[in-house]
Amino acid sequence: MMKKMSIPTSKTSLVLFLCQIISALDVPLDSKLLEELSQPPTITQQSPKDYIVDPRENIVIQCEAKGKPPPSFSWTRNGTHFDIDKDAQVTMKPNSGTLVINIMNGGKAEAYEGVYQCTARNERGAAISNNIVIRPSRSPLWTKEKLEPNHVREGDSLVLHCRPPVGLPPPIIFWMDNAFQRLPQSERVSQGLNGDLYFSNVQPEDTREDYICYARFNHTQTIQQKQPISVKVFSTKPVTERQPVLLTPTGSTSTKVELRGNVLLLECIAAGLPTPVIRWIKEGGELPANRTFFENFKKTLKIIDVSEADSGNYKCIARNTLGSVHHVISVTVKAAPYWITAPRNLVLSPGEDGTLICRANGNPKPSISWLANGVPIAIAPEDPSRKVDGDTIIFSHVQERSSAVYQCNASNEYGYLLANAFVNVLAEPPRILTPANKLYQVIADSPALLDCAYFGSPKPEIEWFKGVKGSILRGNEYIFHDNGTLEIPVAQKNSAGTYTCVARNELGKIQNDVQLEIKDPTMIIKQPEYKVIQRYGQVSFECIIKHDSTLLPTVTWLKDNDELPDDERFLVGKDNLTIMNVTDKDDGTYTCIVNTTLDSVSASAVLTVVAAPPTPAIIYARPNPPFDLELTGQLERSIDLSWIPGDENNSPITNFVIEYEDALHEPGVWHYQTEVPGTQTTVQLKLSPYVNYSFRVIAVNKIGRSQPSEPSEQYLTKSASPDENPANVQGIGSEPDNLVITWEPLKGFQSNGPGLQYKVSWRQKDVDDEWTSVIVANVSKYIVSGTPTFVPYEVKVQALNDLGYAPEPSEVIGHSGEDLPMVAPGNVQVHVINSTLAKVHWDPVPLKTVRGHLQGYKVYYWKVQSLSRRSRRHIEKKILTFRGNKTFGMLPGLEPYSSYKLNVRVVNGKGEGPASPDKVFKTPEGVPSSPSFLKITNPTLDSLTLEWGSPTHPNGVLTSYTLKFQPINNTHELGPLVEIRIPANESSLILKNLNYSTRYKFYFNAQTSVGSGSQITEEAVTIMDEVQPLYPRIRNVTTAAAETYANISWEYEGPDHANFYVEYRVAGSKEDWKKEIVNGSRSFFVLKGLTPGTAYKVRVGAEGLSGFRSSEDVFETGPAMASRQVDIATQGWFIGLMCAVALLILILLIVCFIRRNKGGKYPVKEKEDAHADPEIQPMKEDDGTFGEYSDAEDHKPLKKGSRTPSDRTVKKEDSDDSLVDYGEGVNGQFNEDGSFIGQYSGKKEKEPAEGNESSEAPSPVNAMNSFV
């Protein structure tokens, strides 16, 4: 059985109803349909019944109507036809019934007062308008009257009468003064409803000459003014108080009639002193709530929208301290007619029945009368299908000629109602108004409403079909509505498809198709959870959704069912809401709303903000593993994986890692598949054939990785032939007669099926040979034997399994094995470019003789001897490799003025070929290095002695030396420069005729035939007289460099207790000098942390001697050494030797001690007594015996940590300690550990003795003894 029911029009998208009728037909407001259907006239717009017009403007009386065919219009005035053609001042608008009466061009509004009615008529009937009463507004002048001044005693009441002229409509009254300022009103002074001004009691301040009443007429926008009224208040003492008396209304009772729906205004104004207070009550009931208002300081009771229930007795009570008075107003509410059921348009088919009902109410009860096409029905043409029964007209078996417009008039003494309702009899074939192929989309398990908006007369029958050849739909799973709509109460996936609506009546048949799509519902798979967060913390609510892929969801967050605060702390992400720096006002309920075009879901969670307790900081941890893994969208080569994230444990998830297990090939082994951002919870994965997949997901945050999720369900993909061939295919021979073909085997899941094998094919390139192929098992190498040496081969490897071959593989070029080259390069030539650079040329060897991949050429070269020294040394061969097929190369770093040999060899992948014959070449001379030293000695009044050493690297034959010098004055300004050329065989020079007591700066370098080498500088001072000069002097700065350190020593002449420093920098650079302070007043220092193989400049200065520095010296650190030097100090034999020496020295010290105790003088002491020179004498150089001291010296103990002979010795805590510390003028070198590797000189500067210090010369024995 089919079910039928009516649904609200809101459930139909295109069908609107013109009216509700008791009939079988509804006429939709379809514009195309309405243009085609015949319809009687309908009044759509008209002027109000009581129409007050401005007499200065044109009068427009509106009357608009519609119908098919369009209606014509006519008017009556005061009950008779109004012929507008005979009045030039009156026109009717085109295609309209609206009248325009031209007043502004000579017409008078008063001439057109009257009652007007419009009639709209076409072939199907006539509709009429209301009776429109036209009255021009009036604003008459105030009648002139003589106003006497009002003399009032203080405390008495007073009424100032306004009595405005009668206008249309009545004017608005207000009181003002001459300055057009409203007079102040209060409980004591107020304006009544009639416009009079009431004083409950007058006061002296009420005296004034300008009480003026104004009347404003809104229609004419004019204001009329009454003559000013004068009030003079005179005082009598004492002022007599009086109980209340009503000024209006008078008496104890009165009546009031008001119409239903209007505003009821009741007024009570009382006199008295003190000023009375007004109160209102309704006898036998309560004042209506929500509709009662008090105005004018409670003197006026206002009730809006009154009804019959508001009738009754209303009492006002005026009260002051002396008594009270009251007045009762009996209110009666009458009613003009109002509709209970207004007649509505009726559309019928021929032969149908219908009714028009007209029911109205009012007080008194209105009378009902009917008109047909504007004519009283009693005198209208008869219609056999029509029967009038009071307020109802009954139609039976109507025909097309029964079409007409009927008017219902309901009237009583307070007004009337007029309504038009047509009866339209139509005969029309079916029409379907729903657009063809309209698409409906609904959510699964929801109702689906398929529209079939139709029209026809008689009313068509509607049937529904599904599919192209489907049968008529019946059954309880469908609901068929009267308006043609098909309802599927619970739409499933299989409900989707094409539905056909068929409409038929006796005049025809029509059908229409609509489409239905069923969408997956939107779900929140991870809802926001209840959170308790500490103040100023951060909180995040998740809202992870799952939706139909064809629908676009929008996510909205609410707080307490309102929009989120406009605050940058609230961050809305794709699937979460984060609140930064949480405050107390963030407490509340947060709702996630997900909307699509078809459905909406929501979820809420409460946030509670608490104060931060004195507990440790929030613990951040790795996230919990994801869960609820789901596989969807299974295809042969892809699948969709979704999951729900676990708790992020206070550290946001940054990404998810997806791994897979191949239970078929590698059970228990998990492989990396892909990874996605932490905001994504679904991914489409690419699959390979013949793999039994399981997936798991790992969440990652800043703390680390979560435990893996539980594995998903398994999914086995079908087998297929391989998609790819092995990668990295190569053909490289390992022997001169073979070819080794290698490849990277396919992994298990790349096999795509069982029985994986490889087809290996090869053929010699550029030879017209067929492919040789062999099928091998799942291996990664195949060796082809018996090949020619180093010939190219084409090689390819193709994968196959039980289901077939992989695509045709690409070919690669390989070569059989290489052999050593056969010949050496020829025609080797050397072109010497300069003293340190040469260019070598050779002819390339024939490629056939290379017998392999040509990798390049190697040049072997070595120095045979230096041409300047004629001394041979160990031959160290150097090798330079030149890649590719080059035929020349540069040989850098050669030593000038030397003899070299070289040969060239060709290189392939197997090794080197034979060497070419040795080629001899020589490098020309170069400029020399700086002289090895420059010493300036024997200063006199006018001469200095210079001594020097030859350059360490002469780089040729020395031709001469050049000495330049110039004086330096006390301001360190340089004088004229003098240059002297010195023969190369000289090693010293005495400069004479110098100025006495003058400092000179010297520049000294050597020359070869090529040019001058780098120079060495030094400074010296001639003496003032024959005694030793007292000017400070640092000279003979020498360096002994090792790989990463250098020993710097110097000689000092000048005041005692000078504090030295050493400055150094890389030679030739512009960087600032680096400064190292020398501990004590030593004359040596170890520079550490130097760069191997680097030239440095060094100079020595003295603190406190402004601008005083030695000349600069240049040294170069040694090259980096790969081997480690043996420390002699750690050798057993050396330790034993030192112990023996220490014992010998101890014995000698005991002998000296015994001799000193005898009080004798020793030769050393005698020398000290004889010479004023304070310097301590060194150990005798001829026999090595010690100097002697007398017993005049006290037996003072040595300082702790020092047994050295002077206060310049570095203390135990000094970090720069070495054996240099125990001697001066050292020309030798020291290892980095301080062990001595050179010679000592005997000169020692004067130093103050400290304690019982030894005056021993700084020999190696003494140096080592200091460590005992």
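Residues numbered from 1 in each chain as written. Predicted model: local features only at pLDDT ≥ 70, side-chain atom pairs only at ≥ 80, totals over all residues. Heavy atoms only, no water.

Visitor: Let's hear about the overall build of the chain: which residues, and what values?
Guide: Each helix and strand counted, the chain has five helices and 93 strands in total. Here the chain holds 1268 residues, and the buried ones make up 43% of them. Taking as baseline every contact in the chain between residues at least 6 positions apart, the subset at least 24 positions apart corresponds to 65%. Carbon and sulfur atoms provide 51% of the accessible area of the chain, an area that totals close to 66200 Å². (Helix = DSSP H or I, 4+ residues; strand = E, 2+ residues; numbered from the N terminus. Buried < 20%, exposed > 50% of the residue type's maximum accessible area, 1.4 Å probe, protein only. Contact = heavy atoms within 4.5 Å. Areas by Shrake-Rupley, 256 points an atom, 1.4 Å probe, with all protein chains shown as cover.)

Visitor: Could you give me a rundown of the sheet that holds strand E23 (residues 264–267), with the residues and numbers involved?
Guide: The strand order across the open sheet built from three strands is E23-E27-E26, with neighbouring strands paired in antiparallel fashion. A single partner strand is all that each edge strand has here, and the edge strands are E23 and strand E26 (292–295). Taking each pair of neighbouring strands and ignoring which way they run, the sheet shows an average axis angle of 20°. Examined bridge by bridge, E26 and strand E27 (residues 300–303) share four bridges and lie antiparallel to one another. Across the sheet, Thr292 pairs through a bridge with Ile303, a residue of E27. (Pairing = 2+ DSSP bridges. Axes fitted to C-alpha atoms, helices over the stretch in contact; angles between N-to-C directions.)

Visitor: Residue-level account of the environment of Gln515, with values.
Guide: Within the secondary structure, Gln515 is located in strand E47 (residues 508–519). Placed 15 residues apart in sequence, Gln515 and Thr500 show a C-alpha to C-alpha distance of 8.9 Å. Setting aside its immediate chain neighbours within four residues, Gln515 contacts Asn437, Lys438, Leu439, Tyr440, Gly497 and Thr498. Of the polar contacts made by the side chain of Gln515, one reaches the side chain of Thr498; its length is 2.7 Å. (Polar contact = N/O pair within 3.5 Å; in protein donor to acceptor, adjacent residues only side chain to side chain.)

Visitor: Break down the environment of Asp802 for me, with residues and values.
Guide: Mapped onto the fold, Asp802 is located in the loop between strand E70 (792–801) and strand E71 (804–805). With 83 residues separating them in the primary sequence, Asp802 and Ser719 have C-alpha atoms 9.3 Å apart. With sequence-adjacent residues up to four places away left out, Asp802 is seen in contact with Pro754 and Gly755.

Visitor: Which residues make up the pattern of salt bridges, and what values go with them?
Guide: Summed over all chains, the structure comprises 37 salt bridges. Between Lys302 and Glu295 there is a salt bridge, with its nearest N and O atoms 3.3 Å apart. Judged by its relative accessible area of 23%, Lys302 falls in the partly exposed class. In this structure, the salt-bridge partner of Asp520 is Lys493, at a minimum N-O distance of 2.9 Å. Within this pair, whereas Asp520 is found in the loop between E47 and strand E48 (523–526), its partner Lys493 is found in the loop between strand E45 (486–488) and strand E46 (497–505), the two being separated by 27 residues in sequence. Exposure remark for Asp520: the relative accessible area of 34% places this residue in the partly exposed category. Each member of the salt-bridge network shares a partner with another, and the members are Arg153, Asp156 and Arg242. (Salt bridge = Lys/Arg side-chain N within 4 Å of Asp/Glu carboxyl O.)

Visitor: So what's going on with the state of the cysteines? Residues and values would help.
Guide: All told, the structure shown has six disulfides when counted by the stated rule. The disulfide partner of Cys268 is Cys316, and the S-S distance across this bridge is 1.8 Å. Taking the torsion about the S-S bond as the criterion, the Cys268 to Cys316 disulfide, at about -70°, is left-handed. Of the two residues, Cys268 is situated in the loop between E23 and strand E24 (269–273) and Cys316 in strand E28 (residues 312–320); the sequence distance between them amounts to 48 residues. Residue classification places Cys316 among the buried residues on the basis of a relative accessible area of 1%. The residue that forms a disulfide with Cys452 is Cys501, at a sulfur-sulfur distance of 1.8 Å. Looking along the S-S bond of the Cys452-Cys501 disulfide, the torsion reads about -65°, which is the left-handed sense. With Cys452 in the loop between strand E41 (448–450) and strand E42 (454–457) and Cys501 in strand E46, this residue pair connects regions lying 49 residues apart in the sequence. The burial state of Cys452 is the same as that of Cys501; both residues are buried. Should the bonded cysteines of the chain be numbered as they appear in the sequence, the pairing reads 1-2, 3-4, 5-6, 7-8, 9-10, 11-12. (Disulfide = S-S within 2.5 Å.)

Visitor: Tell me about the confidence of the model for the chain, residues and numbers included.
Guide: With 85% of its residues at a pLDDT of 70 or more, the chain shows a mean pLDDT of 83. Low pLDDT, under 50, characterises residues 1122–1126; the stretch is placed with two contacts to residues that sit more than four places away or in other chains. When the criterion is pLDDT under 50, residues 1159–1268 qualifies, and its contacts beyond four places in sequence or with other chains add up to 176 contacts. (pLDDT = per-residue confidence, 0-100.)

Visitor: I'd like a rundown of the pairing of strand E19 (residues 222–225), residues and numbers included.
Guide: Note: strand E18 (residues 208–217) against E19, four bridges, orientation antiparallel. Its bridge partner being in E19, Phe217 is matched across the sheet by Thr222. The hairpin turn running from E18 into E19, its antiparallel successor, is four residues long, and Gln221 in that turn takes a positive phi close to 55°.

Visitor: Could you give me a rundown of the packing of aromatic side chains, with the residues and numbers involved?
Guide: Under the criterion given, the structure shown has 23 aromatic pairs. Arranged with centres 6.4 Å apart and planes meeting at 45°, the rings of Tyr478 and Phe480 form a pair that is tilted. Its relative accessible area of 12% is what places Tyr478 among the buried residues. You can call Phe480 buried: its relative accessible area is 7%. An aromatic cluster is present here, built from Phe174, Phe180 and Tyr214 joined pairwise through their rings. Cation over ring: Arg77 sits above Phe82, and NZ or CZ is 6.0 Å from the ring centre. Between Arg208 and the ring centre of Tyr211, over which it is positioned, the NZ or CZ distance is 5.7 Å. (Phe/Tyr/Trp six-rings, centres within 6.5 Å; stacked < 30°, edge-to-face > 60°. Lys NZ or Arg CZ within 6 Å of the ring centre and 35° of its normal.)

Visitor: Summarise the sheet that holds strand E33 (residues 367–372); cite the residues concerned and give the values.
Guide: Taken together, the five strands give an open sheet; going across it, the order is E30-E38-E37-E33-E34, and neighbouring strands pair in mixed fashion. The open sheet has two edge strands, strand E30 (346–348) and strand E34 (375–376), and neither has a second partner. Here E30 runs beside strand E38 (residues 415–425); their pairing, made up of three bridges, is parallel. The residue of E38 that forms the bridge with Leu346 is Val423.

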